[in-house]
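# Observations on the three-dimensional arrangement
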Amino acid sequence: MINEQRSDNHSYLDSVRMNDGIEPCKAAFYNAYKENREKAAALLNDQQLTFPCLFILLPQIESLQLSSALNFRNTAALGIVHQILRPKESGHRHRYLASPQKEVQPVLQWMLETGGNEDRLEDDYREVLDIVASVLINEYKDTSILPMVTDMIFRRHQKGQNIHTLVWAVFRIRDPYALKLIAEHIRSSDRQEATLACHLLNIEAPDTSPSAAECQKRYGDYLHWLEENDGFLYFTDESFQFASEPAICKVDLERKYIHQVNSSYTVQPVTPSDSMEETCLQAFAPLSHAEKTVLSDYSYKMHNTDVSEWKNWVSSPIDEQLKTAKTRAGGSR
C-alpha cells in the first residue's frame, strides 16, 4: 500500500519529489494509480500540491486518462500548459489565456507562487512560467507578484538561463515600482547581480567589486534620480528581444524643462499652455541632448526652489539660460 502521509506541509507527491527526486515521484504516482484510480486522482487534487509536481506528472496524467478526474485548478493548469506549449492543438475548448477571467487568476497565481523557485526543470517549464508571469502582470495588472518575478530574473541570470521574457513582462507594465525592485539589487555584494541591475536600469555598472558603502551610495543616487524624474518618466517598450542594451525608460526632457508633469509613464506630446512655454520649447528643441539635460535638471531644481525666479530665468534667452545652468549646476545632473 502507498503511504500517503504529508511531510512539512507538503503534499505526498511533493514530499517524494523533493526528498527522492523526479523519477521516484513518477513511480510513486504510478503505483498509487495501480492500487486505486480515485486515490491517484486525490493525490493530484491535494490542495498542497505544487505546480512543478503537476507539470512533471502531466505525461502520465494524459496517458492514464486521468484528466477528467482533475479539479478545476489542475484542469485549468493543464489547459494553460497546452495553450502555451501546444498552441495548435484544439483539445481544450476553454481558452484560459484568451482574456482576464476571475476564476483563472488564482490558478495562474498558484502556478507561479508554487513553481517560481523551481529552476531545475527543462526549458518548456520555464517558458510556461514566463507566459504565466507576463499574463498576470500585464493582463491582470497583478503587481503583487513583481518582487517574486524580479527575484526570478536575477536567480535565472546567475544560472545562465534566459531572462528576456521576464524582463519584458516586468517593464511592460510601466510601473516605477518595478524599477525600485530592480534597484535593490544594486546593493548586492555579488558583482554579477549588481551589474545586471545597473544594466537593466541603464546606469553605469561598477568596474570592480565595490564596497558596501559604494553600493549603498549608488543605490541612493538612483532612488534620488527616480524621485526627481518620476513626473517626467516614460517607458520605451524596448527589450532584450530587440536590443542588446535597451533603454527601458527615459526622461522627457521637454516636460522637465517647462515642468509639465505627465503621470501616465508613456510618451505624450507636449502641448504648450501659453506663449511663454511655446517660445521656450522652440528654443529648447535644437539643443543637443547634453544641453537639454543640463537645462531640464537646473529648471526642475529652480522651479522647486523659487517659482518667480524660475519664470524670470526661463523667459531669458536660451544661451543665457545655459550659461546660468552650467555655472550654478556645474553642467551635470
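Use the structure listed above.
Keep in mind it's a predicted model, so treat the numbers as computed, not measured. (Residues numbered from 1 in each chain as written. Predicted model: local features only at pLDDT ≥ 70, side-chain atom pairs only at ≥ 80, totals over all residues. Heavy atoms only, no water.)

## Regarding unusual backbone geometry
- Non-glycine residue Asn202 carries a positive phi angle of around 60°.
- By the secondary structure assignment, Asn202 is in the loop between helix H11 (191-201) and helix H12 (212-229).
- The partly exposed category is assigned to Asn202, whose relative accessible area is 45%.
- Not every positive phi belongs to a glycine, and Tyr265 is a case in point at roughly 60°.
- Along the polypeptide, Tyr265 turns up in the loop between helix H13 (253-258) and helix H14 (275-284). (Helix = DSSP H or I, 4+ residues; strand = E, 2+ residues; numbered from the N terminus. Buried < 20%, exposed > 50% of the residue type's maximum accessible area, 1.4 Å probe, protein only.)

## Here we look at the packing of helix H1 (residues 12-20) against helix H2 (residues 22-35)
- Where H1 contacts H2, the two axes come as close as 7 Å, and the packing angle between them is 150°. When the axis of H1 is compared with that of H2, the two are roughly antiparallel. For the pair H1 and H2, the sense of crossing is right-handed. Residue-level inspection shows Tyr12, Leu13, Val16, Arg17 and Asp20 of H1 in contact with H2, the latter providing Ile22, Pro24, Cys25, Ala28 and Phe29.
- Its residues assigned to classes, the contact of H1 with H2 shows eight nonpolar, no polar and two charged. (Axes fitted to C-alpha atoms, helices over the stretch in contact; angles between N-to-C directions. Parallel < 35°, antiparallel > 145°, perpendicular 65-115°, else oblique. Left-handed = near helix turned anticlockwise from the far one by under 90°. Contact = heavy atoms within 4.5 Å. Nonpolar A, V, L, I, M, F, W, Y, C, P; charged D, E, K, R; others polar.)

## As for helix H8 (residues 146-158)
- Compared with the 18 Å implied by 1.5 Å per residue over 13 residues, the 19 Å span of H8 between its first and last C-alpha is a close match.
- Buried residues of H8: Leu146, Val149, Thr150, Met152, Ile153, Phe154 and Arg156, and no others.
- On its buried side, H8 packs onto helix H6 (105-115), helix H7 (123-138), helix H9 (164-172), helix H10 (176-183) and H11.
- Two residues or fewer past H8, Gly160 is found with a positive phi of approximately 75°. (Expected span 1.5 Å × (residues − 1).)

## Structural notes on the packing of aromatic side chains
- One pass over the structure, following the stated rule, counts 10 aromatic pairs.
- For the pair Phe51 and Tyr125, a centre-to-centre distance of 5.6 Å together with 20° between the ring planes defines the contact as stacked. With Phe51 in helix H4 (residues 51-63) and Tyr125 in helix H7, this pair connects stretches of sequence that are 74 residues apart. Each of the two residues, Phe51 as well as Tyr125, counts as buried. (Phe/Tyr/Trp six-rings, centres within 6.5 Å; stacked < 30°, edge-to-face > 60°.)

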